[in-house]
Amino acid sequence: MAQIPNLDNSPLNLKSLREQSQRDLVKILKDIRGKKCLVIEPKLGGTLSLIIQTSLLKEYGIELRHLSAESVETDCSKVVYLVPSQRDLMKCISSHVHDGISKGLQREYYIYFVPRREIQCERILEEEKVHHLITIGEYPLYVVPLDEDILSFELDLAYKQCQVDGDTGSLWHIAKAIHKLESTFGAIPNVRAKGKASVIVSDILDRMHTEEPMNSSDMALSEINTLILIDREVDMITPMCTQLTYEGLLDEVLRINNGSVELDSSIMGVQQEGKKMKVPLNSSDKLLKEIRDLNFEVVVQVLKQKATSMKQDYTEITSANQSVSELKDFVKKLNSLPEMTRHINLAQHLSTFTSKPSFLAKLDMEHTIIEASSYDICLEYIEEMIHKQEPLINVLRLLILFSVTNSGLPKKHFDYLRRELLHSYGFEHMATLYNLEKVGLLKKQETKSNWLTVKRALQLVVEDTDTANPNDIAYVFSGYAPLSIRLVHNAVLSGWRPMEEILKLLPGPHTETKRAGFTSSPSFATLQGGSNGLDKITDGRRSLVLVVFVGGVTFAEIAALRFLSAQEGMAYDLIIGTTKIVNGHSLVETLFDRLG
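This is a predicted model, so every value here is computed, not measured.

Moving on, we get to the state of the cysteines. Applying the stated criterion across every chain, the model contains zero disulfides. Of all cysteine sulfurs, the one in Cys76 lies closest to Cys37, which takes part in no disulfide; the gap is 5.5 Å. On the basis of relative accessibility, which here comes to 0%, the residue Cys37 falls in the buried class. Just so you know, Cys378 is unpaired, no disulfide at all, and the nearest cysteine sulfur is the one on Cys241, 12 Å from it.

Okay, here's the thing in structure tokens:
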């Protein structure tokens, strides 16, 4: 199955975006004549696998290498580095160049920065006295389609850079990526932003419009009606909860990276000792598309039904005279057997985790914290986790959830838990705790929490959630409706104004802009039921909303947005943009900092 996702059914022509990125890369490589060795930074290599097949690069006579501290061993006279603009990589490349010179190798060196060159990087090359030996260029890869409805800006550290380091470079990158989308699909008339970083992105975007104005035809042909920007900081509760959709749980347990999971082949029923295998997870897999957003307990039932049905068909086909067309139908079903086997193996692996009493106890505790009903019980549970020395990341996720919903911890409890954490896990974690305090995820309580007000006003806790036939997005967490998605839903239907009071209780400012030059375009506030015909753009498709998460989005939130989009009476399709797909672990890990 292809690692590159199939984008044929996307509500926006994302294929054209990907093809443009392919052409840009091929042009760079074609313009460097002769035999060449392409050295790619490993993480960037994963991103490129979503854009271009390695076999295609090899067709151009290109040798491929991953960047590492070791010198590049190749007979090629031209060495091309494709790297993100990271200062630490410059010293590594410089040492390669010095090594080549000391060996008397006649080589030409090229560095192509992704997505753009940065002065600090070039300064290091100058300090290392290699800048004059290298040809420098850019590969402007700002946005990568992960699936039919997901775009990633591939900014893993955006949350930490903005919140801890005060570095807003990633916000310029996000604005540039959206601006590039506008140059392809037309300017976006309505922009709604919530959170400090989102408002900055909106402002940068306005500035880009002023500096590079779009012509009137671009404004008239806008394919995206509304842009909603939302900060991860606005809702740090959702990513700290354990995701309960199939894809969300796969990410929690196995970590989905660049649209695939890497796991022991034994999990997939292949008996090769210690061998790892990659399993792609995208819309090209029809069965995944059907089950990815379901609650995991329902997925197990669906797979069971499909297996039983296939077994029944097999019994019928072997025991009776079947017509040719019936045989044909059966063979067609057999084609889906590899997908069935794949997901039965994955689901079986997940079940070994979800059936553990410790997993169920943790879910119970998450719900208790969200319901804000038993403060002392929660505190005792976290204390016990620390004393049992459960993985630090698990403790911190629950502690952050507890702190955020309570607007911090009373000084006595805060000091006590902080001391216990350092005693149990080591004083080298002081820097991590400092980062968590700095971003406000772990803090002393100074004001009364407004979580109960927000929870009630937005109906975030839904009793008796039917996970098999859901009628609310709360099914993705078996009873908790993601705060971020409730906000997005309201923003799409009626803008920020009706929920102004609630927005003020959440972190960061909010803005709502209707861009000049779109007077003839219907306001998106009218697209509530779709009965007035304003929800269709010229060729009969539904209006489009681009929802951008600054700081990351979880698979459970993506599932909730897809659920909303599929509801009857919804007048829009949703495309999701994100700095990166995250979960509680990956988000907290970016804040890890060890002393010494």
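Here the focus is the sheet that holds strand 9 (residues 226–231). Taken together, the seven strands give an open sheet; going across it, the order is 6-7-14-13-9-8-12, and neighbouring strands pair in mixed fashion. The strands lining the two open edges of the sheet, one partner per strand, are strand 6 (144–147) and strand 12 (510–514). For this sheet the average axis-to-axis angle between neighbouring strands, irrespective of direction, equals 20°. Packing of helix 7 (residues 169–185) onto the sheet brings it into contact with strand 7 (150–152), strand 9 and strand 13 (543–550), and relative to strand 13 it is tilted by some 165°. Docked against the sheet, helix 23 (residues 555–565) engages strand 7, strand 13 and strand 14 (572–578), running at close to 165° with respect to strand 14.

Turning to the UniProt feature "transmembrane region" (unreviewed entry) in the protein, a few remarks are in order. In this structure's numbering, the residues bearing the UniProt feature "transmembrane region" (unreviewed entry) are residues 544–564. Along residues 544–564 one finds 48% helix and 33% strand; the C-alpha atoms at either end are 13 Å apart.

It is at 9 Å that the axes of helix 21 (residues 483–494) and helix 23 come closest, and there the two elements cross at 30°. Classified by the angle between their axes, helix 21 and helix 23 sit roughly parallel to one another. Remark: the crossing between helix 21 and helix 23 carries right-handed chirality. On the side of helix 21, the interface is formed by Ser484, Ile485, Val488 and His489, while helix 23 contributes Glu557, Ala560, Leu561 and Leu564.

The element strand 1 (residues 36–40) is largely enclosed, with a buried count of five among its five residues. Judged by which residues are buried, strand 1 turns out to be covered on both faces: Lys36, Leu38 and Ile40 on one side and Cys37 and Val39 on the other are all buried. Pairing of strand 1 with strand 2 (residues 62–66) involves five bridges; the strand directions are parallel. Paired with Leu38 across the two strands is Leu64, which belongs to strand 2.

Each aromatic ring pair is summarised here by two numbers: the centre-to-centre distance and the angle between the ring planes. Tallying each qualifying case throughout the model produces five aromatic pairs. Centre to centre, the rings of Tyr375 and Phe402 are 4.9 Å apart; their planes meet at 40°, and the pair counts as tilted. Highlighted residues: Tyr375 in helix 16 (residues 375–387) and Phe402 in helix 17 (residues 392–405), separated in sequence by 27 residues. When its relative accessible area of 1% is taken as the criterion, Phe402 is described as buried. The lysine or arginine in question, Arg116, covers the ring of Trp172, its NZ or CZ lying 3.8 Å from the ring centre.

Turning to the sheet that holds strand 2, a few remarks are in order. Pairing within the open sheet is parallel, and its five strands lie in the order 2-1-3-4-5. The open sheet terminates on both sides in strands that have one partner only, identified here as strand 2 and strand 5 (134–138). Strand-to-strand twist of the sheet, defined as the mean angle between neighbouring strand axes without regard to direction, takes the value 20°. Two elements, strand 3 (residues 78–84) and strand 4 (residues 108–114), share seven bridges in a ladder whose sense is parallel. Within the sheet, the bridge partner assigned to Leu82 lies in strand 4 and is Tyr112. Sheet strands touched by helix 1 (residues 14–31): strand 1, strand 2, strand 3, strand 4 and strand 5. Its angle to strand 1, the strand with the most contacts, is close to 135°. Strand contacts of helix 4 (residues 87–102): strand 3, strand 4 and strand 5, with the helix running at about 170° to strand 3, the strand carrying the most contacts.

How each quantity is defined
- Residues numbered from 1 in each chain as written.
- Predicted model: local features only at pLDDT ≥ 70, side-chain atom pairs only at ≥ 80, totals over all residues.
- Heavy atoms only, no water.
- Disulfide = S-S within 2.5 Å.
- Buried < 20%, exposed > 50% of the residue type's maximum accessible area, 1.4 Å probe, protein only.
- Pairing = 2+ DSSP bridges.
- Helix = DSSP H or I, 4+ residues; strand = E, 2+ residues; numbered from the N terminus.
- Axes fitted to C-alpha atoms, helices over the stretch in contact; angles between N-to-C directions.
- Contact = heavy atoms within 4.5 Å.
- UniProt positions renumbered as here; feature names shortened; annotations may be inferred.
- Parallel < 35°, antiparallel > 145°, perpendicular 65-115°, else oblique.
- Left-handed = near helix turned anticlockwise from the far one by under 90°.
- Phe/Tyr/Trp six-rings, centres within 6.5 Å; stacked < 30°, edge-to-face > 60°.
- Lys NZ or Arg CZ within 6 Å of the ring centre and 35° of its normal.

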